[in-house]
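Below, each chain spelled out in residue letters.
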Amino acid sequence: YLKIVLDEEWLEDASYPVTVDPVLQQYRARNRREKACISSDGKVYDTLYVGKKSDVIYRSFVSFDLPEMPANSVVTEALLYVDGLGSNYLEADMVDEEWHEDELKDTADIWENQPSASRKLDYANSGVGSYFNITKGVREWTMAEEYDPEGNEEQSENEKYHRNYGIRISAY
């Protein structure tokens, strides 16, 4: 449910009738920008795999565009649905650096040179169709767009982690 609470002090001085703008909008991202799966044996796949099979570890990377939002928007919840076979326990991390699917395919020693992802977002179980709560990441990404919409490279070490470089999904 949604509960909207208006400021009583503001309402005392308001001109009536008062109109409350919509504050909720659902967005389903079907336009993945980039996706790739890398394996510990040095291969890159188009299909997203996560886990371990025959001593080979698989990690998947996804990035996607966010909807346009006004500068004063507040992201209250953002979820990423995952589903699959097996019962892997998964973790979602914010990727720390820019990456592109085509460049990963051309990278020598891809496992050692994979994009870093150091900021945990959430955990899930893949075998039951679960949601990652990625609210923290989406909030940071939208703040970075507001702070630096042109993506200038002159950001401090802490600020660069706010950029939308996507999510790494791995098993643990």
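Up top is the structure these notes are about.
In short, a report on the structure. All residue numbers refer to position in the chain's written sequence, counted from 1. This being a predicted model, a pLDDT of at least 70 is required before a residue's local features are given, and a value of 80 or more before pairs of side-chain atoms are given or counted; all residues contribute to the totals for chains, interfaces and linings. Based on all heavy atoms of the structure, the side-chain values leave hydrogens and waters out of the count.

A few points about the environment of D41
Topologically, D41 is positioned in the loop between strand 1 (32-39) and strand 2 (44-45). What qualifies as a polar contact is a pair of N or O atoms within 3.5 Å, subject to a donor-acceptor requirement within protein and to the restriction that residues adjacent in sequence count only when both atoms come from side chains. Polar contacts involving the side chain of D41 include one to the side chain of S39, which spans 2.3 Å. Each helix corresponds to a stretch of at least 4 residues labelled H or I by DSSP, and each strand to a stretch of at least 2 residues labelled E; elements are numbered beginning at the N terminus.

Here's the deal with the nonpolar core
Residues belong to a common nonpolar core when they are buried Ala, Val, Leu, Ile, Met, Phe, Trp, Tyr or Cys residues joined through side-chain atoms within 4.5 Å. For every residue, the accessible area (1.4 Å probe, protein chains only) is compared with the maximum for its type, and the residue is labelled buried under 20%, exposed over 50%, or partly exposed between those bounds. Counting 17 residues, the largest nonpolar core has F132, I134, I167 and I169 as its most contacted members. At the level of secondary structure, the elements contributing two or more residues to this core comprise strand 4 (56-64), strand 5 (79-82), strand 6 (89-95), strand 7 (117-125), helix 3 (135-147) and strand 9 (167-171). Among the elements that make up this core, the one with the highest residue count is strand 6 (3 residues). Whether two residues are in contact is decided by their heavy atoms, any of which lying within 4.5 Å being enough. Setting aside residues no more than four positions away along its own chain, F132 makes contact with A78, L79, L80, V82, L90, E91, A92, D122, Y123, A124 and I169. In terms of nonpolar packing, the next biggest core, distinct from the first, is built from 10 residues, V95, W99, I110 and W111 among them.

Side note on a nonpolar patch on the surface
Within the patch definition used here, like charges are joined within 9 Å and nonpolar side chains (Val, Leu, Ile, Met, Phe, Trp, Tyr) within 5 Å, considering only residues with over 30% relative accessible area and no salt bridge. Residue-level accessible areas treat just the shown protein chains as cover; the underlying method is Shrake-Rupley with a 1.4 Å probe. The term salt bridge refers to a pairing of a side-chain nitrogen on Lys or Arg with a carboxyl oxygen on Asp or Glu at a separation within 4 Å. The grouping of L79, Y81 and Y131 at the surface amounts to a nonpolar patch, some 330 Å² of accessible area in total. Mapped onto the secondary structure, Y81 falls in strand 5. For Y81, a relative accessible area of 45% puts it in the partly exposed group.

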